[in-house]
Structures are given as C-alpha cells and as structure tokens.
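# A structural walkthrough
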Amino acid sequence: MWIFGAEMRNNSFIKKHQTVILLFLSILVGLLVMRYILSDVGRVPKSDYKVLKNMSVEVQHEDGSVDNFQSYLFNFSSRKDHIIMHLPLESDWKAEYQTINFFFYNSVVKAYYKDQLLVSYGENLKRHMIGHLKISIPVPLEAYGDEIRVEIDPQLDILEDNFDVPILMFRGTEFYYPMISQETTYPIFVMTLIGSFIGIIIFAFFFKTHVYASEGMWLFSLVFAITLWHLGNTGLAYLLFPREDLSAVCEYVGMYLLLPTAPLYASYETSRKVVREYLRVVGTIFLAFFLLCLILYIFPTGFQYTGHLRLVQTAQIVMVFSSMASLLFPGKKIKNNSDYILGYGLVFVAVFGILEQIRIILAGSITEKWPGFLQSFVTTGFSKILILLLIIVFITSYVFKVILIAQAGIEEKHLKYLAYTDRLTGLGNRQYLQDQLEVLDHSKKKDYAAIFMDINDLKLTNDLYGHESGDRLIQMVAEAIQDAMAEVEGFSGRNGGDEFVCIVFPASAVFEVENKIKEYLRNTKEKQNPPFPVSISMGSASYREVAEKIPMEKREHLTVSHVIRQADGKMYDDKYRMKKSRDQEISF
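Each chain has its residues counted from 1, running along the sequence as written. Totals for whole chains, interfaces and linings use every residue, but because this is a predicted model, local features are given only for residues with pLDDT of at least 70 and side-chain atom pairs only at 80 or more, for both listing and counting. The side-chain figures draw on all heavy atoms in the structure; neither hydrogens nor water molecules are used.

### Some points on the pairing of strand S4 (residues 82–88)
For every residue, the accessible area obtained with a 1.4 Å probe (protein chains only) is divided by the maximum for its type, and the residue is called buried under 20%, exposed over 50%, and partly exposed between those limits. Helix and strand assignments follow DSSP, with helices taken as H or I runs no shorter than four residues and strands as E runs no shorter than two, numbered in order from the N terminus. S4 sits mainly inside the fold: 6 of its 7 residues count as buried. One bridge is not enough; two strands pair if DSSP finds at least two bridges between them. Pairing of strand S2 (residues 56–60) with S4, which is carried by 5 bridges, proceeds in the antiparallel orientation. Across the sheet, the residue bridging to Ser56 is His86, located in S4. The pairing of S4 with strand S9 (residues 147–154) spans 6 bridges and is antiparallel. Paired with Pro88 across the bridge in S9 is Glu147.

### A look at a nonpolar patch on the surface
Patches in this entry comprise residues that are over 30% relatively accessible and not in a salt bridge; like charges within 9 Å are linked, as are nonpolar side chains (Val, Leu, Ile, Met, Phe, Trp, Tyr) within 5 Å. The method behind every accessible area is Shrake-Rupley, applied with a 1.4 Å probe, and residues are considered shielded solely by the protein chains displayed. Basic side-chain nitrogens of Lys or Arg form a salt bridge, by our definition, when they fall within 4 Å of a carboxyl oxygen of Asp or Glu. Taken together, Ile194, Phe197, Ile198, Ile201, Ile202, Phe205 and Phe206 make up a surface patch of nonpolar side chains, about 700 Å² in accessible area. Among the structural elements, Phe206 can be located in the loop between helix H3 (185–205) and helix H4 (213–234). Note on Phe206: relative accessible area 32%, which makes it partly exposed.

### Details of the nonpolar core
Buried Ala, Val, Leu, Ile, Met, Phe, Trp, Tyr and Cys residues form a nonpolar core when they are joined through side-chain atoms within 4.5 Å. Tyr265, Tyr305, Leu346 and Phe394 are the most contacted members of the largest nonpolar core, which has 62 residues in total. Looking at this core, the elements with two or more residues in it are H3, H4, helix H5 (244–266), helix H6 (273–298), helix H7 (309–328), helix H8 (337–363) and helix H10 (382–420). Top element by residues in this core is H5. It accounts for 14 residues. Whether two residues are in contact is decided by their heavy atoms, any of which lying within 4.5 Å being enough. Once residues lying within four places of it in the same chain are set aside, the contact partners of Tyr265 are Glu215, Trp218, Leu219, Leu222, Leu327, Leu342 and Phe394. Listed in part, the 39 residues of the second largest apolar core include Val57, Ile135, Ile152 and Met169.

### With respect to the sheet that holds strand S10 (residues 167–170)
Spatially, the 4 strands line up as an open sheet ordered S1-S10-S5-S8, and their pairing is antiparallel. Where the open sheet ends on each side, the last strands, each with one partner, are strand S1 (49–51) and strand S8 (132–139). Sheet twist, expressed as the mean angle between neighbouring strand axes with direction ignored, is 25°. Alignment of strand S5 (residues 98–105) against S10, held across 4 bridges, turns out to be antiparallel. Residue pairing in the sheet places Ile100 in a bridge with Leu168 of S10. Under this scheme, a helix contributes an axis fitted over its contacting stretch, all axes are lines through C-alpha atoms, and angles between N-to-C directions fall in the 0 to 180 degree range.

### Comments concerning the pattern of salt bridges
Evaluation of the coordinates by the stated rule reveals 12 salt bridges. With a shortest N-O distance of 3.1 Å, Lys114 and Asp146 are connected by a salt bridge. With a gap of 32 residues between them, Lys114 in the loop between strand S6 (107–113) and strand S7 (116–121) and Asp146 in the loop between S8 and S9 connect regions that are remote in the sequence. Look at Asp146 and you get partly exposed, because its relative accessible area is 29%. For Arg544, the salt bridge is made with Asp447, and the minimal N-O distance between the two is 3.5 Å. Linking Arg544 in helix H15 (residues 543–547) with Asp447 in the loop between helix H11 (430–443) and strand S11 (449–455), this pair joins segments that are 97 residues apart in sequence. Residue classification places Asp447 among the partly exposed positions, given a relative accessible area of 36%.

### Thoughts on the packing of H4 against H5
Their axes nearest at 7 Å, the elements H4 and H5 cross at an angle of 150°. Between H4 and H5, the angle falls in the class roughly antiparallel. Where H4 crosses over H5, the handedness of that crossing is left-handed. Along the contact surface, H4 presents Glu215, Trp218, Leu219, Ser221, Leu222, Phe224, Ala225, Ile226, Leu228, Trp229, Gly232 and Asn233, while H5 presents Ser247, Cys250, Glu251, Val253, Gly254, Met255, Leu257, Leu258, Thr261, Ala262, Leu264 and Tyr265. Here the nonpolar group is Ala, Val, Leu, Ile, Met, Phe, Trp, Tyr, Cys and Pro; Asp, Glu, Lys and Arg are the charged ones; every other residue, Gly included, is treated as polar. Class assignment for the residues of the contact of H4 with H5 results in 16 nonpolar, 6 polar and 2 charged. Here is the rule for angles: anything less than 35 degrees is roughly parallel, anything more than 145 is roughly antiparallel, 65 through 115 is roughly perpendicular, and the remaining ranges are oblique. We call a crossing left-handed when the near helix sits turned anticlockwise from the far one by less than a right angle, and right-handed when that turn is clockwise.

### Considering the packing of helix H13 (residues 467–485) against helix H14 (residues 510–528)
Contact pair H13 / H14: the axes reach a minimum separation of 8 Å and the direction vectors enclose 135°. Here H14 runs oblique to H13, going by the angle between their axes. Seen along the crossing, H13 lies across H14 with a hand that is right-handed. The segment H13 lies against H14, with Arg472, Met476, Val477, Glu479, Ala480, Ile481, Asp483, Ala484 and Met485 engaging Val513, Lys516, Ile517, Tyr520, Leu521, Thr524 and Gln528.

### As for the pairing of strand S12 (residues 489–496)
One ladder, built from 7 bridges, connects S12 with strand S13 (residues 499–505); its direction is antiparallel. From the neighbouring strand, Arg494 faces S13, where its bridge partner is Phe500. Taking the residues that link successive antiparallel strands as the turn, the S12-S13 hairpin has 2 residues, and the phi of Gly497 there is positive, at about 60°.

Shown next, in the form of structure tokens:
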C-alpha cells in the first residue's frame, strides 16, 4: 500500500509538472544536439596544436627554499615567490612560425630561450594588472630539441585558479587558442551575450508601459553581466577583444554589473515586502555605484577597477547570496510553473555553485602530489555548467511568467468582452453604451451625431412566428448596423430589447450611416424573404443641432444624453409616420 501510494504521488507530481519537465528535457536535448554539432564542426583540429604536458616548474620562495613540480599542476603561496617554468620542445616538432600559448592570472610573465628575451607580458598595463593574461611566446627554430624558460612574478598571494597546460600552435592560429576545449560553450555564450544585450534595449523601451518589462530588463541585465564576466574570467573575451585591457574590462564590468542586477531582478520574485524593499534599495545603491565607476573609468580620471577588488568581490558574494536566498524562499503561498522552475532549477544551480566554490578553493592547492580524482576535480568546468543552467532557469522561468501574465490579460479581456457584449447580436450591450457615453462626455467632443433605432413589430413577430424569428430579426438589424458603422468612426450598441444606439463622428456622416442601414435591411429582406416584417424606425440628432436650441449659458451642461433624447424623439416621429402611412394603405 505504501509503495502504491508513493507511485500515485509520483504520477500526480509528473502530471502536474509535465509542461516544466518536457521543457527542461527539450532544452537538454537541444543543448546536447548543439554540443555535438559544434564540437564536430567548430572544433579546433587536434592536428593544429600540441599539448605541452611534459613540463616542470620551480617555485622559488623568499626564504630561499624551492618547490619542484613535474606537471602543470603547481601552486605558490606569496606574491614574492618567483616561478620558473621549463617547457621542453621535441626536435620532431620543428617548424617555423609556432607559438606557445597559455593563460596566467595577474602576473608579470617573461619568456626566454637561453638568455634571449622572447616576449614580456604584464609590465605595461597601466590601467589594470589583473585578469587573464593571454601569453603567446614565439618559438625560435633553434629552441626545438631544447626548452623555453618562462619566468613569472605573481601579483597575488595565491593562484586564483588552476593553471591550464600550455599549447603549441602555428602563428596565426593562436587566435583560436582560448576556444580549445570550449568550442561548444563559446558560441552559446556569445549568442547569449548578444541576445541579452538586445533584450535589455527592448525591455528598457517598454519599461514604463508593460508590467513585465521592468523585470525582464533586470533579468537580461543579470544574464548579460554573468556572461560578460565569464567571457572575461575564462579568457574567451580575447576572441571578441584581442587586447589584455579590454578582456580584463569585460571581467570587471560584468562583476560590477552583477552587484545591482542580481538584487533588482530578485526583488520581483519575492512576496516578502521587507525583503523586496531591501533588495530594491541595495540594488539601486549598487546601480549608482556601477554607473559612477563606469564614468570614472571612461574619463581620464586614473580610476582602476582593481583598487577595491576584494571589497567588491565580498559585496558580490553577499548580494548573490541574498538574491539566491530570496529566490529559493520567495514566501509565495500559491505557486505556478514559473515558481517551480525557479525553485527546482536553483537547487541544481546551488549544487553546482557549491562544487565550483570548492573547486576554486582547492585549485590553488592541488598539485601532482594529490590523488588523481582531486586533480580531475579541480580541472572540471563546473562554472560553465553552473552559468548555462542559471541562464536557462532564469529565462525559462521568466518566459513562463510572461505567458501567465499574457493568459491573465487574455482572460481579463474575455471577461470584459462578456460583460460589455450583447450575446445575441455581438454588439455592445447597455453597460458598454453607458461607459462609452460617459467617456464621450468627458472628452468634450462636439462634432458627433446620435442615431436612435427601434425595431418595428418585434412583439408581433414573436407572437406570430416565434421567438426564434424575433431573435433573427434583431440579428438582421444588428448586422445592418455593424455593416454601416464599419467605415466610419464611432460606436454602437443594443440599448435593450428592440432599441439600438449609434454614435457617429463626424456629425456629417450620420445620414450616410442611416441610408446604409436601411439599404442593408432592404437587400437582406429581398435575398432571404423572411415571413416576418423587416423594418425599423430611426431618428438622429447632432450635438450642435441640440446646442442651438438651448440658451448659451446652459450649453456647458449639455451631455450626450440630451442628444440621444432628441434622436429618440425623432425616432418616434418616424415610427408615427410609418404607422400612419401603413394605416392609410390598409384603409385604401
């Protein structure tokens, strides 16, 4: 029984969330297909490069001691350490125009062949000395069968991340070095960066007019910030901006932009008033801080993003944690698909976030002396999975939220349509007419005319031919009104029973509308030849016509009701004339 009950609960859970589950599965399949295609088509051929795993590293400490490592997994403990890398080159690899490529974070890097300086990086960067430096060392022909010596003076006390193995490539193709092993994620992140930037512009345009636009703008700003930071942090930004300073700026701008966008987006997802206010106030403060830093950097003020980098990183952790906590525990009593996507998705994001933080903490310590599984762990790209998952969760949740808002809007419009529409004719009902007439009075428009109509012999038709015939007669008159009003400005509706009202702009078009209604009914009667009589009585009056009949001092109190009353009186005159004419025909 317990097993049966658990199975029933699982089935009900799947049925309840099948849309979300199917969406995630389709996205997962799409990403796997994209990965397969890009890894096959866009991959840098392995024949174009060689991995220099056979290397050794010396880390010389200030006290004179030396740590030796026989692989690319090494560490250091102080910015006063001096690192020497030995990169042996086999004679069989000898070829002109080859370069050794690798990234190193926030350091001065110099490469030598024997005592000949081949290249130097990190010394001439005036505005920043942090970020992933892309090192490209030209290899002289005489170095094959020997080695290249790389000397590094770090500017930090720890290795920020694990060092990736150097790559030997032909000059010209080294441009693609950052994309090696990231052929799949690079185009995805670039498309995400471009798409999110376009999204920011679009939603900013509708910021004040659409209820979902403000949240959408901050969401796409957050996605833009995360993606920009990742491209700069991983060195992929070199493929977009092949300069050290611009690549570093991507990382810093993304990091600083993350400060306001995370809390501002999260403020739209929580139902807790205090938390929402906290996130919005803090987000606004950090937005002003971000804009100030950006202005100071653009203008020649000497400002450096790295001046208070550790403080900014601490603030970033606090803001991201606050935002994640508010998203995981929004305080909503009733949840929808958008909330479930956000909730369940962020659980997985949190798991990968914890794994990535553990990896970063261990990366600066794990060396070749540690167990193999830990060496594999610190080289695993949890951040790529984390960021892609985060982007998918945020955007998917937002899409579902917009769909719910759109559905609610459609339902509201449908209810409004039902409340303001006469079901038999499709015209506006009495409530619709009253609201429209009130709007017309407030608009102070004067160039209009009213038509008041009444169906002749409707009761007779109901009594002799049945109510279905009476309904058909009402529909025929409504169709005539709709046809006549199709090409003029104004509105019309069924006032109740056998009465109809039209308001026409300008007043000069009223006679055309009256003639079209009569002509339509005449043609319908000839084509359908109904057994019941088809005729209406109508009268019309314009605002100016009524205004001319009252004193000047009373005209400011003239409303559309007075105009309709005048048209109503003319309608009764028309009905009387028609009845008198018919009586004379019968008498004759």
